[in-house]
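Structural overview for review
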Amino acid sequence: MELRIDPFEQTILPHLDAAYNLARWLAGNEHDAQDIVQESCLRAVKFFEGFRGGNPRAWLLTIVRNTSYTWLKKRSAVHALASIDEEEFELEDLSANPQQMELATASVERMRAAIDQLPPEFREVIVLREMEECSYKEIADIADVPIGTVMSRLARGRQQLRMILCAETPLNGGQP
């Protein structure tokens with residue numbers, strides 16, 4: 001007996017984690033992100049026959065992006081942003097050193113807060129590039145903008161992150 005795998009499952013399911021991550025960052029909370037991914041998957045199933053190959057991850061993330069913005073418009077929360085889980089950062093085991101653990105946790109919280117302050121168009125390219133490791137072309141396809149716009153948004157987003165993070169860092173390291 002031959003096991004037959006559904007083409008949709010084989011093509012799309014490997015990319016659900018990336019879909020959820022993008023939805024969570026754009027939606028602002030885990031519950032809405034789950035609903036967005038579910039709705040996106042329903043749309044993907046509906047239009048899968050029209051998928052002509054290419055990059056299935058970019059195709060799914062495009063659906064997630066569009067669904068997220070539609071969802072946010074309905075909720076009048078276009079500037080919402082999800083929080084990031086500590087699991088997304090590979091940190092060494094700091095449990096033996098509480099001071100290092102506190103510093104690492106503070107760094108993650110600072111980065112969350114800084115990303116929270118970015119405009120949505122910068123936030124999405126930062127998430128897609130830095131967290132989902134999408135290529136510039138994939139991001140351009142997902143966001144439906146030219147590659148030059150992706151590069152510009154990344155540069156401006158990174159610059160704003162630096163400015164936000166530097167503004168929060170005391171010059172003397174907190175020492176009197």
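Everything numeric here is computed off the predicted structure, so don't read it as measured data. (Residues numbered from 1 in each chain as written. Predicted model: local features only at pLDDT ≥ 70, side-chain atom pairs only at ≥ 80, totals over all residues. Heavy atoms only, no water.)

The next thing to look at is helix α4 (residues 56-75). Helix length check: α4 (20 residues) gives 28 Å between terminal C-alpha atoms against 28 Å at 1.5 Å per residue, within 8%. The buried fraction of α4 is high, at 14 of 20 residues. Its side-chain oxygen 3.0 Å from the backbone nitrogen of Arg-57, Asn-55 forms the N-cap of α4. (Helix = DSSP H or I, 4+ residues; strand = E, 2+ residues; numbered from the N terminus. Expected span 1.5 Å × (residues − 1). Buried < 20%, exposed > 50% of the residue type's maximum accessible area, 1.4 Å probe, protein only. Polar contact = N/O pair within 3.5 Å; in protein donor to acceptor, adjacent residues only side chain to side chain.)

Taken as a whole and judged by the stated rule, the model has 4 aromatic pairs. With a centroid separation of 5.3 Å and an interplanar angle of 90°, the aromatic rings of Phe-8 and Phe-48 are classed as edge-to-face. Remark: Phe-48 occurs in the loop between α3 (30-47) and α4 and Phe-8 occurs in helix α1 (residues 7-12); sequence separation between them is 40 residues. The pair formed by Phe-8 and Phe-48 is uniform in burial state, with each residue classed as buried. On the basis of an interplanar angle of 65° and a centroid distance of 6.2 Å, the ring pair of Phe-48 and Trp-59 is categorised as edge-to-face. Placement of Phe-48 in the loop between α3 and α4 and of Trp-59 in helix α4 is noted, with a sequence separation of 11 residues between them. Through a chain of ring-to-ring contacts, the aromatic side chains of Phe-8, Phe-48, Phe-51 and Trp-59 assemble into a single cluster. (Phe/Tyr/Trp six-rings, centres within 6.5 Å; stacked < 30°, edge-to-face > 60°.)

To continue, consider the confidence of the model for the protein chain. In the predicted model, the protein chain carries a mean pLDDT of 79, and the fraction of residues at 70 or more is 74%. Model confidence for the protein chain, summarised as mean pLDDT per element, is weakest for helix α5 (residues 98-116) at 71 and strongest for helix α7 (residues 136-143) at 93. Below a pLDDT of 50 lies the segment residues 77-91, which in the model reaches 42 contacts outside its immediate sequence neighbourhood of four places, other chains included. (pLDDT = per-residue confidence, 0-100. Contact = heavy atoms within 4.5 Å.)

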